[in-house]
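Structural characterization, general
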Amino acid sequence: MENKTIMTDFYELTMAQTYFNEGKKDEEVYFDIFFRKNPFNGGYTISGGLEETINYLKNFKYSEEDIAYLRSLGTFSDDFLTYLSNLTFKGDIYAVPDGTMVFPNEPVLTVKADIITAQLIETALLTNFNHASLVTTASKRITNEAKDKSVMEFGARRARGIDSAVEASKYAYIGGCVGTSNTLAGKKYGLPVLGTMAHSLVTNSDDEYTAFLNYAKSNPSNCTFLVDTYDTLKSGIPNAIKVADDYLKPNGYKFKGIRIDSGDLAYLSKEARKLLDNAGYKDTTICLSNGLDEYLIRDLINQGAEFDSLGVGDNIAAAKERIGGVYKLVAINQNNKLVPKIKVSNDSIKTTNPGYKKVYRFYDKDTGYALGDVITLHEEKISQNHYTLVHPIETWKKKDLTNYTVRPLQKTIFKDGALVYHIPNLPETKAYCQKEYSIFYEEIKRIENPHEYYVDLSDKLRILKQELISFHQDSNKAKTLVKK
């Protein structure tokens, strides 16, 4: 497995050398990964990237070539480079499993490690989380709107590089897609590989009928024709039917399907269904593609479009959004005492939640539906009988819970550098994702104007946060007065 330890922002290394020179290399710290806003103006995010983070940390070790490169930059001391050459990950990781529904400001992943290691792994961990979570969330939004219709991920050529494309196929599958067009992803992850044909096969031939016939002879058991190269209704579908009549049916093969990739997909699909049914091919499927997203898919269904599957590329593998996950210092261990840390901003959304924390999710005992989450300090216990969720800012907004069960969302992934978490296989993660998704009310999953899911702070955490904000405000005022 490729060693990607040196994949970090350069300033992480310069800061690490600063910590080293200050004698802080053994200082134990806590960092949280969280995000501030759901993508797509949606009501939820689905966490991803944990498996890539596990593999990265398992192989965290600066190679001789890495050290030689860093030395060539003329920035780092020999003592620091020697320290880096012996560095491995010895910390703890707590994280929610891939496929879990998560919400703004919740610690999705927590790092407990020495300050240098914790700083150096920041970029890789954020890269893994942000990309995988975006793709999984995009996929789930799209597959949810598709209802019972299959969605194939066709996004490899639109992704941001080969590695990105391969990982996108994996997380699209977790998010609900039935398979991918990406053959490398199929090989690497055991995903179903799917596909039809391209327009170039048709334009390369003397005529459309010949192109379809040659394709049928080469792929008789998997014959789906792309019918919109010239004219979907007057040329494409009639030629596909003729090849089915002339070659597939006489030789005992099934006319599997057609794909329409342009035009008014709702209208064309309904007309295509008529033509296929009238020709006796009622079992022949219709696949639609062409820049589809969750909104277009919803409209196709509302307009009565006739289709069996969808091919979606850009809006899964190269979604025009971002998660915006961040990595913030929340506590330091000083003389065996945990000292909470906070980042204060004039923009309240950027003021962090301090301290070493946990996230708990409440479920209705009767229905199993999720009722809300609470972020607490790590040592807090949750009552099993009654709990009041209080909005972290608008504290007059409250929700009393009584008939519930509760569970912590994070699991222990690494302990003292050792992997203690069993990584589920892809089908298991996909099933887990769907199960988690099913226990949230539809109002939260709406693609427009979703209901806000409760994510609140415990009383202790809210009081601590306010105390630290006041302390830093007063401290900075005092320093300003001294300067004057």
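Below: a short report on this structure. Numbers given for residues are sequential positions, taken from 1 along each chain in its written order. This being a predicted model, a pLDDT of at least 70 is required before a residue's local features are given, and a value of 80 or more before pairs of side-chain atoms are given or counted; all residues contribute to the totals for chains, interfaces and linings. To get the side-chain values, take all heavy atoms of the structure and skip hydrogens and water.

Re the packing of helix H2 (residues 50–58) against helix H7 (residues 162–174)
In this analysis an axis means a line fitted to C-alpha atoms, helices contributing only their contacting stretch, and an angle means the value between N-to-C directions, from 0 to 180 degrees. Numbering of helices and strands starts at the N terminus; helices are DSSP runs of H or I of at least 4 residues and strands are runs of E of at least 2. At a minimum axis separation of 11 Å, H2 and H7 run at an interaxial angle of 130°. Between H2 and H7, the interaxial angle falls into the category oblique. Of H7, the residues touching H2 (which contributes Leu50, Glu51 and Glu52) are Glu167, Lys170 and Tyr171. In these notes the angle categories are as follows: under 35 degrees is roughly parallel, over 145 is roughly antiparallel, 65 to 115 is roughly perpendicular, and the rest is oblique. Any two residues having at least one pair of non-hydrogen atoms within 4.5 Å are treated as being in contact.

Describing the sheet that holds strand S21 (residues 455–457)
Taking strand neighbours across the sheet as the criterion, the four strands line up as S18-S14-S15-S21 in an open arrangement whose pairing is mixed. A strand with exactly one partner marks an edge of an open sheet, and here the two such strands are strand S18 (404–408) and S21. Taken pair by pair, the neighbouring strands of this sheet meet at an average axis angle of 25°, ignoring direction. Both strand S14 (residues 357–364) and S18 contribute to a ladder of five bridges, which runs antiparallel. The residue bridging Asp364 from the neighbouring strand is Tyr404, located in S18. When DSSP finds two or more bridges between a pair of strands, those strands are recorded as paired.

Digging into the nonpolar core
Grouping buried Ala, Val, Leu, Ile, Met, Phe, Trp, Tyr and Cys residues that are joined through side-chain atoms within 4.5 Å yields what is termed a nonpolar core. The cut-offs for exposure are 20% and 50% of the maximum accessible area for each residue type, with area from a 1.4 Å probe on protein chains only; residues under the lower value are buried, those over the upper are exposed, and the others partly exposed. By size, the foremost hydrophobic cluster in this structure holds 128 residues, and its most contacted members are Leu84, Val111, Phe225, Phe255 and Ile258. For this core, the element with the most residues is helix H6 (residues 122–145), which contributes nine residues. Ignoring sequence-local partners within four residues, the contact set of Phe255 consists of Cys223, Phe225, Ala240, Ile241, Ala244, Leu248, Leu276, Tyr281 and Thr284. Membership of the second largest hydrophobic core comes to ten residues, among which are Tyr360, Phe362, Leu371 and Val406.

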